[in-house]
Amino acid sequence: MRQLTPNFHEREFACKDALRGKTSPPFCNGSVGKGISQELVNGLQQVRDKVGKPILVTSGYRCPAYNASLSGAASQSKHMKGTAADIRVDGMTSEQLMKVVEELNLFTGRGLYPGQGFVHVDVRNGLHGSVTRWVKRINKPYQGVTSFKGLV
Ligand SMILES: [Zn+2]
């Protein structure tokens with residue numbers, strides 16, 4: 001595990017399976033798979049610089065077994081490719097954090113999880129490019145969101 005940018009170390013993105021006692025195959029025991037996308041982390045560093053406070057990675061890499069064990073996780077989740085992160089910042093709502101992401105216009109997958117305190121970001125089309133947005137309230141997903149401006 002190594003330092004990826006000034007404020008992000010690879011270990012912060014490790015699969016959280018071991019925290020649930022899942023350390024045997026088919027689980028990966030806290031690995032980062034084939035590695036974390038540098039483009040993703042470069043974007044996170046820009047958000048970190050703008051916010052001026054630590055960004056907590058609540059979910060980075062997920063091995064397929066761990067992803068499958070999570071209720072509500074997408075079967076083709078970008079987390080399994082090391083190209084996605086769920087992030088939060090102490091003292092900020094998910095809406096406030098997403099507003100920073102929108103202002104910086106970073107990440108091509110942006111998911112807002114109101115009331116859960118985190119946002120999902122990924123680099124499915126790179127750091128800049130065609131953006132896919134969604135809002136997911138518990139039991140109430142909204143697909144096809146084209147802007148978060150009315151929500152933040
Ligand atoms: Zn794992």
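Residues numbered from 1 in each chain as written. Predicted model: local features only at pLDDT ≥ 70, side-chain atom pairs only at ≥ 80, totals over all residues. Heavy atoms only, no water.

Points about the environment of Phe 13
Its place among the elements puts Phe 13 in the loop between strand E2 (8-9) and helix H1 (38-51). For the pair Phe 13 and Asn 67, spaced 54 residues apart in the sequence, the C-alpha separation amounts to 14 Å. Ignoring sequence-local partners within four residues, the contact set of Phe 13 consists of Leu 4, Phe 8, Val 32, Ile 36, Val 41, Leu 44, Val 57, Gly 60, Tyr 61 and Ala 85. (Helix = DSSP H or I, 4+ residues; strand = E, 2+ residues; numbered from the N terminus. Contact = heavy atoms within 4.5 Å.)

With respect to the pairing of strand E6 (residues 118-122)
In terms of burial, E6 is largely enclosed, as five of its five residues are buried. Burial along E6 is two-sided: Phe 118, His 120 and Asp 122 and Val 119 and Val 121, pointing in opposite directions, are all buried. Of the pairings in the sheet, the one linking strand E4 (residues 84-88) to E6 comprises four bridges and is antiparallel in character. The partner of Asp 86 across the bridge, within E6, is His 120. Counted along the chain from strand E5 (residues 109-113) to the antiparallel partner E6, the turn is four residues long, and its residue Gly 115 has a positive phi close to 80 degrees. (Buried < 20%, exposed > 50% of the residue type's maximum accessible area, 1.4 Å probe, protein only. Pairing = 2+ DSSP bridges.)

Re the coordination of the zinc ion
Listed as protein donors to the zinc ion are Cys 15 (SG), Asp 17 (OD), Cys 28 (SG) and Cys 63 (SG); their distances from the metal cover 2.3 to 2.4 Å. Ordering the donors of the zinc ion by residue number gives the pattern C-x1-D-x10-C-x34-C. We note that Cys 15, like Asp 17, is buried. (Donors = N, O, S within 2.8 Å, 3.2 Å for Na, K, Ca; no water.)

A word on the nonpolar core
Judged by nonpolar contacts, the single largest core of 38 residues is most densely connected at Phe 13, Ile 36, Leu 40, Leu 44, Val 47, Leu 97 and Phe 107. For this core, the elements supplying multiple residues, two or more each, are H1, helix H2 (64-69), E4, helix H3 (94-104) and E6. A total of five residues in this core trace back to one element, the largest contributor, which is H1. (Core = buried A, V, L, I, M, F, W, Y, C linked by side-chain atoms within 4.5 Å.)

No statement about biological role is implied by the geometric values presented.
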